[in-house]
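One-letter residues, chain by chain:
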Amino acid sequence: MKGQWLARTFGSSFDEVSFCLISTWRGWQRCTPHLSDAAEMLALSELTQAEPAQLFVPPPLPDVSIQNQKMPTVLRPLARNYRYTHLTFPSAVTTGNAVNDMVHAHHLYRPDHKNGPTLLYLHGWHNFDAALSLFTPLQLVATLGFNLVMLELPHHIGRTEAGTYSGELSLTANLPATLTTIQQAVSDTRAMAGWLRARGIERLALEGQSLGGLVAALTLTVETAFDCAVLFVPAIEPRTSLWHSTYTRTLRRELLRQGLDEAATGVLLEGLRPARSQPLLDPQRILVVAATGDRVAFRPDVENFAHAWRANFAAIEWGHLSSHRLRSSFRLIRPFLVRWLETVGTPV
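Cut-offs used in this document
Residues numbered from 1 in each chain as written. Predicted model: local features only at pLDDT ≥ 70, side-chain atom pairs only at ≥ 80, totals over all residues. Heavy atoms only, no water. Pairing = 2+ DSSP bridges. Helix = DSSP H or I, 4+ residues; strand = E, 2+ residues; numbered from the N terminus. Axes fitted to C-alpha atoms, helices over the stretch in contact; angles between N-to-C directions. Contact = heavy atoms within 4.5 Å. Buried < 20%, exposed > 50% of the residue type's maximum accessible area, 1.4 Å probe, protein only.

A.B. asks: Is there a simple way to explain the sheet that holds strand β1 (residues 65-68) in this structure?
C.D. replies: Note on sheets: strands pair through backbone hydrogen bonds, and any given pair is parallel or antiparallel. Judged by pairing direction, the sheet is mixed, and its nine strands sit side by side in the order β1-β2-β3-β5-β4-β6-β7-β8-β9 without closing on themselves. Where the open sheet ends on each side, the last strands, each with one partner, are β1 and β9 (312-316). Along the sheet, successive strands turn relative to each other by an average axial angle of 20°, direction set aside. As judged from the four bridges shared by strand β7 (residues 228-232) and strand β8 (residues 286-291), these two strands associate in the parallel manner. Residue pairing across strands places Phe232 opposite Val289, the latter belonging to β8. Each of β4 (118-122), β6 (204-209), β7 and β8 touches helix α6 (residues 211-220); the most contacted strand, β6, lies at about 135° to it. Against the sheet, helix α11 (residues 327-341) touches β4, β6, β7, β8 and β9, its axis set at about 165° to β7.

A.B. asks: Could you clarify how one ought to interpret unusual backbone geometry in this entry?
C.D. replies: Despite not being glycine, His126 has its phi angle at roughly 75°, a positive value. As for its placement among the helices and strands, His126 is situated in the loop between β4 and α4 (130-142). Look at His126 and you get buried, because its relative accessible area is 8%. Even without being a glycine, Arg310 presents a positive backbone phi close to 60°. Mapped onto the fold, Arg310 is located in the loop between α10 (299-309) and β9. Exposure remark for Arg310: the relative accessible area of 55% places this residue in the exposed category.

Put into structure tokens, the structure is as follows:
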């Protein structure tokens, strides 16, 4: 028990210090606030009770361009048996920015099992480097013989607009733009899943972390392409994550500048709360993981969400930022993936 308390306390403290530093740095970088347009805000208020099928329209099968890539140095020890291709395709949901509206994804596959079990991974908020973002999910699947696809979320990594930092425009106090970002992320995820299925991949898992966990959860309310899913420290309560985390301090200041408090924000973002709907995937094929010291996706919110969905739930003793890299996390996720994807590799 003492060891658990120490892990929880250290993880929470690590989050808090990191969030304070990141929030301060991002505040210095952000020269122009991101505020809502009055007309667009009115349109958003009319969508607060919209059904998922209205918010997340199915995309067409994308026209994907494939480019072979040299394996990044940081991934080589883990990826000796893998090839690396960079995938791009135009998003079905457009924001008017050509850089962001071109979707980027990274496919690591074993040539002798190109259509083998595949994990589609959605990274977290502010991830800024593709190779570093691939490292942890590759650690998870390489020993199992799985293939891996990582989708870059809107406004991140290769989709980052000039003059902004990775993720800056993904979640902002411009709430209509935030809704469009999430709609685009869900559409891109569904498009990627459809393309993978059309290519002959028969077993497909979805994993999302933090912001990626929110996108993954919303995707599961409208999409049937996945055999199983892992929602890892998912930010499934936008209101709580926005108003009770140091990570979003700058964003809160900009919301208050518009006269939006926690209650008003919660109403406007109700459509982005996955718990208001049920998943189309069998809940027994969904694993929801919380971190007890999490300062973004607070454990009570995540646990209540898992119960509402009747999904599998587990908690680890750590905080939000580094919990995905823990061996205890791998020990939770790997057997779950093996069970539902019947891997051809050797479980660890």
